[in-house]
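Geometric and topological summary
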Amino acid sequence: MGLFDRFGPKGREARILKKHGARVANRRAQNVDRWDSIRALSSLGSPEAVEALLRRFTFRVDPSITDQEEKDAAFQAVVAVGEDAVPSVVHALRRDPSIAWPLKCLEQLVSEEELVGILLGLLSDMSTEYERDPDRKIQVLGILEEHSDPRIASAVLPFLEDVNETARFHAVGTLLAQPNAETASKELFARLGQDDSLRLRVKLLDGFIDSNWAVPDSVIAAVRENIPSGYHVSTSGKISRGGAV
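Let us look at the structure shown here.

Following both chains from N to C, one finds helix H6 (residues 86-95) and helix H7 (residues 100-109) inclined at 150°, their axes separated by 9 Å at the closest point. Crossing hand, H6 versus H7: left-handed. Along its contact with H6, which presents Val86, Val89, Val90, Ala92 and Leu93, the element H7 presents Pro102, Leu103, Cys105, Leu106 and Leu109.

Here helix H8 (residues 112-124) contains 13 residues, and its C-alpha end-to-end distance of 18 Å stays within 8% of the 18 Å for a straight helix at 1.5 Å per residue. When H8 is considered as a whole, its buried residues turn out to be Leu115, Val116, Ile118, Leu119, Leu120, Leu122 and Leu123. Residues of H8 that are buried make contact with H6, H7, helix H9 (135-144) and helix H10 (152-156).

Here the residue pair Asp62 and Pro63 is connected by a cis peptide bond, since its omega of -5° sits within 30 degrees of zero. The topology assignment puts Pro63 in the loop between helix H4 (47-54) and helix H5 (64-81).

Moving on to the environment of Tyr130. Assignment of secondary structure puts Tyr130 in the loop between H8 and H9. The sequence separation of Tyr130 and Asp162 amounts to 32 residues, and the corresponding C-alpha distance is 8.0 Å.

Evaluated as defined, the whole model comprises five aromatic pairs. Summarising the aromatic geometry, the rings of Phe189 and Trp213 are spaced 6.2 Å apart at their centres and angled 50° between planes, so their arrangement reads as tilted. In this pair, Phe189 sits in helix H12 (residues 185-194) while Trp213 sits in the loop between helix H13 (198-211) and helix H14 (220-226), placing the two residues 24 residues apart along the sequence. Taken individually, Phe189 and Trp213 each receive the classification buried, so the pair is uniform in this respect.

Now for the packing of H6 against H8. Between H6 and H8, whose axes approach to 11 Å, the crossing angle comes to 30°. The orientation of H6 with respect to H8, classified from their angle, is roughly parallel. The hand of the H6/H8 crossing is right-handed. For the pair formed by H6 and H8, the contact residues are Val90, Leu93 and Arg94 on the first element and Ile118, Gly121 and Leu122 on the second. Grouping the constituent residues of the contact of H6 with H8 by class yields four nonpolar, one polar and one charged.

Rules used throughout
Residues numbered from 1 in each chain as written. Predicted model: local features only at pLDDT ≥ 70, side-chain atom pairs only at ≥ 80, totals over all residues. Heavy atoms only, no water. Axes fitted to C-alpha atoms, helices over the stretch in contact; angles between N-to-C directions. Helix = DSSP H or I, 4+ residues; strand = E, 2+ residues; numbered from the N terminus. Left-handed = near helix turned anticlockwise from the far one by under 90°. Contact = heavy atoms within 4.5 Å. Expected span 1.5 Å × (residues − 1). Buried < 20%, exposed > 50% of the residue type's maximum accessible area, 1.4 Å probe, protein only. Phe/Tyr/Trp six-rings, centres within 6.5 Å; stacked < 30°, edge-to-face > 60°. Parallel < 35°, antiparallel > 145°, perpendicular 65-115°, else oblique. Nonpolar A, V, L, I, M, F, W, Y, C, P; charged D, E, K, R; others polar.

Shown next, in the form of structure tokens:
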């Protein structure tokens, strides 16, 4: 190794990444030391520094105000790197159990269309079967619920059958929020007639009422058997709150 490699700019950056990357990712480090490391990594402004800073989002520390301040600083540093930070952020979305902060970063780095595409890519790798920790899937479905895009409905539709009730709940909310939601009406009405979750059935019923959808004849009997109190389905399939109309 030459003298320049050891003491030149690249050698200095490598030492910063090694020392401060490890400390930023260490929940047992002193708060003041982690702060020093966040600042050191922020000064690099490189994709490698982004990768290290993203590790700060994987744990919490006490007090909560310190945790929030450190994460805000790491967030600002990641966003400041710009589009060069995107690959590392997407990698964190695929790797980390909790993706709230990487998602927050991504929202600042890409367009809404790109964001939805990345989220749908993540969702395509996820299963509707039992998972010990379905949090990433639930977070992705929850974020998609806040966006409107013609690609969303077909991608989310399989998750109406998810074994996790919260995942199904967010899948319903996401589908109902789409402008082409009616393309999934058959599956949504079928879910209303068979799901055991009260809050999910209420969400479906309220969504159908807001959209002025009528229950098809093919499932009206099953829906009536599964409808919660406070709702009514007329002979024509019209849904209403309260008594019969």
